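# Results of the structural survey
Spelled out from the first residue to the last, the chains are:
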Amino acid sequence: MKKILPRITALLSTCTLLLTACGGGNSTVKNPPDSTNNNTASDAAATTGTLSGAIPIGIAVAQTSNVALLGQEEVAGAKIAEKYFNAKGGVNGTPIKLVFQDTSGDEAGAINAFQTLINKDKVVGIVGPTLSQQAFSADPIADRAKVPIIGPSNTAKNIPEIGDYVARVSAPVSVVAPNSVKAALKQNPQLKKVAVFYAQNDAFSKSETEIFQQTVKDQSLELVTVQKFQTSDTDFQSQATNTINLKPDLIIISGLAADGGNLVRQLRELGYKGLIVGGNGLNTSNILPVCKALCDGLLIAQAYSPEHPGEVNAAFRKAYADEYKKEPPQFSAQTFAAVQVYVEALQALDKKSKVNKLQLPDLRTQLNKQILSGRYNTPLGEIGFTPVGEVIQKDFYVAQIKMQKDGSQGKFTFLK
């Protein structure tokens, strides 16, 4: 059995009263109408505790705040998945219905979104949240209620260990991050001096920078400085100037798209000409409008490539390109994959026990077991899960941003 992390025990105690109302028991009150949420799954029959109509799956990601640059891509991937799998018959003839709740960019937003999806919307499982820091606060609530969680972009250490009902399709940073440093060394074998920046108020960035710093050590490089910042910061002139004076050959940044993009821009404006590696929080095309032409050359490790072979990825790639006129990013692909895992696990479960006949608590429990036992051919390639919910994935990549000189357009170019 997995153990809930000690550092979240205190938070859980403060949520006990709220969780009492959303344990695992059968519901006896039908969902009330909600004019503010067009996605409310009112067809989850509360009088019997079984499903009636479309199967509700929760999507709890950041649609507002500075984290929305990532969350918007997750919403896009989820909506493409909903349309794609319903067109293919849903769950053995029963459609799915995605129920969206905004987590915003903080822990409180994620907790509120999870509680709404569990108690009011009565979803069978949840895809989310966007940030690892949010997951450490919100996932235990779902785990206590025995509601399956699949993290689409949570790559910090110990996410699956939060609880028995927590899994992720986002490969851990310890597997992905070192690839970008190795790619930088391949481009410049002479580089020696490395500077590191990280957002100290973000759990994922703190976890990722530890991996980056260990990689620097493993590659026998010299770490000349470690600079801290906040994800809400916009002015990096002081840290950037101090760092440039140390003449690093490589700068590594762990943050989010808005702050990370501004940091890249200011480093270039101040004259830094060396290689820059961005962490997973910068892994979004939404960073391009932030640093524009100065994004050029940024290296970022990837857990997804639009060029990955396979029928599902080809369909996903085409649907995304048709809708958004650009290649799909990693966060969209991972969210699509998370929805796909739910759909295919529900299909397999339905063949053994009709899901619309199961009481909701029993359905959630059996669905969680089915998720962990399955194999899925997704846009990420074939994936599965370890018994604790860690994703098993084979293929990883590194991309480099290439921008037009005027900064009007750019793309992620995958390195061979």
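Before reading on, note that the structure itself is shown above.
The present account deals with the structure reproduced in this document.

## Concerning the packing of helix 3 (residues 68–87) against helix 12 (residues 311–324)
Running from N to C, helix 3 and helix 12 cross one another at 115°; their axes reach a closest spacing of 10 Å. Handedness of the crossing formed by helix 3 with helix 12: right-handed. Across the interface between the two elements, A76, I80 and Y84 of helix 3 pack against V312, A315, F316, A319, Y320 and Y324 of helix 12. Residue composition of the contact of helix 3 with helix 12, grouped by class: nine nonpolar, no polar and no charged.

## Things to note about the side chain of E74
Mapping E74 onto the fold places it in helix 3. Buried and without a salt bridge, E74 has R168 as its closest oppositely charged side chain, separated by 12 Å. For E74, the residues in contact, after removing those within four places along its chain, are V61, T130, P152, S153, F331 and T335.

## Concerning the pattern of salt bridges
Applying the stated criterion to the full structure yields seven salt bridges. E390 serves as the salt-bridge partner of R168, at 2.7 Å between the closest nitrogen and oxygen. Taken together, the residues R168 in strand 5 (residues 166–168) and E390 in the loop between strand 12 (381–385) and strand 13 (391–393) connect sequence positions 222 residues apart.

## Side note on the sheet that holds strand 14 (residues 397–403)
Pairing within the open sheet is mixed, and its seven strands lie in the order 7-6-8-9-10-14-15. Each edge of the sheet is formed by a strand with only one pairing partner; in this case those strands are strand 7 (222–229) and strand 15 (410–414). For this sheet, the mean angle separating the axes of adjacent strands, direction not counted, is 25°. By the bridge criterion, four bridges tie strand 8 (residues 250–254) to strand 9 (residues 275–278) in an arrangement that is parallel. Counterpart to I252 in the pairing with strand 9 is V277. Contacting strand 6 (193–199), strand 7, strand 8 and strand 9, helix 8 (residues 203–218) runs over the sheet at an angle of about 170° to strand 6.

## What about the nonpolar core?
One finds V124, V339, L346, L363 and I371 to be the most contacted residues of the largest nonpolar core, which totals 51 residues. Mapped onto this core, the elements with two or more residues apiece are strand 1 (55–61), helix 3, strand 2 (96–102), helix 12, helix 13 (330–352), helix 14 (360–373) and strand 12. The element that contributes the greatest number of residues to this core is helix 13, accounting for eleven residues. Setting aside chain neighbours within four positions, we find L363 in contact with L51, V124, L346, L349, V355 and L358.

## Points about the packing of helix 3 against helix 13
For any two helices packed against each other, the geometry comes down to the angle between their axes and how far apart the axes lie. Taken N-terminus to C-terminus, the directions of helix 3 and helix 13 make an angle of 40°; their axes are 7 Å apart at the nearest point. It follows from the interaxial angle that helix 3 and helix 13 lie oblique. In this structure, helix 3 crosses over helix 13, and the sense of that crossing is right-handed. Here helix 3 contributes L70, E73, E74, A76, G77, A78, I80, A81, Y84 and F85 to the contact with helix 13, which in turn contributes F331, S332, T335, F336, V339, Q340 and V343. Looking at side-chain class alone, the contact of helix 3 with helix 13 contains eleven nonpolar, four polar and two charged residues.

## Some thoughts on the environment of A108
On the secondary structure map, A108 appears in helix 4 (residues 107–120). Judged by relative accessible area, which is 43%, A108 ranks as partly exposed. Taking the C-alpha atoms as reference, A108 lies 8.1 Å from Q134; in sequence the two are 26 residues apart.

## What about the sheet that holds strand 12?
Taking strand neighbours across the sheet as the criterion, the three strands line up as 11-12-13 in an open arrangement whose pairing is antiparallel. Edge positions in the open sheet fall to strand 11 (376–378) and strand 13, since each of these has one partner strand only. On average, each strand axis in the sheet is tilted by 35° relative to the strand beside it, whichever way the strands run. The pairing of strand 11 with strand 12 spans three bridges and is antiparallel. Bridged to Y376 within strand 12 is I383. Along the sheet, helix 13 makes contact with strand 11 and strand 12, crossing strand 11 at roughly 145°.

## Here we look at the state of the cysteines
All told, the structure shown has one disulfide when counted by the stated rule. Disulfide pairing places C291 opposite C295 at an S-S distance of 1.9 Å. Its S-S torsion of about 100° marks the bond between C291 and C295 as right-handed, since a negative value means left-handed. We classify C295 as buried; its relative accessible area is 0%.

Procedures and definitions
Residues numbered from 1 in each chain as written. Predicted model: local features only at pLDDT ≥ 70, side-chain atom pairs only at ≥ 80, totals over all residues. Heavy atoms only, no water. Axes fitted to C-alpha atoms, helices over the stretch in contact; angles between N-to-C directions. Helix = DSSP H or I, 4+ residues; strand = E, 2+ residues; numbered from the N terminus. Left-handed = near helix turned anticlockwise from the far one by under 90°. Contact = heavy atoms within 4.5 Å. Nonpolar A, V, L, I, M, F, W, Y, C, P; charged D, E, K, R; others polar. Buried < 20%, exposed > 50% of the residue type's maximum accessible area, 1.4 Å probe, protein only. Lys, Arg positive; Asp, Glu negative; His and termini not counted. Salt bridge = Lys/Arg side-chain N within 4 Å of Asp/Glu carboxyl O. Pairing = 2+ DSSP bridges. Core = buried A, V, L, I, M, F, W, Y, C linked by side-chain atoms within 4.5 Å. Parallel < 35°, antiparallel > 145°, perpendicular 65-115°, else oblique. Disulfide = S-S within 2.5 Å.

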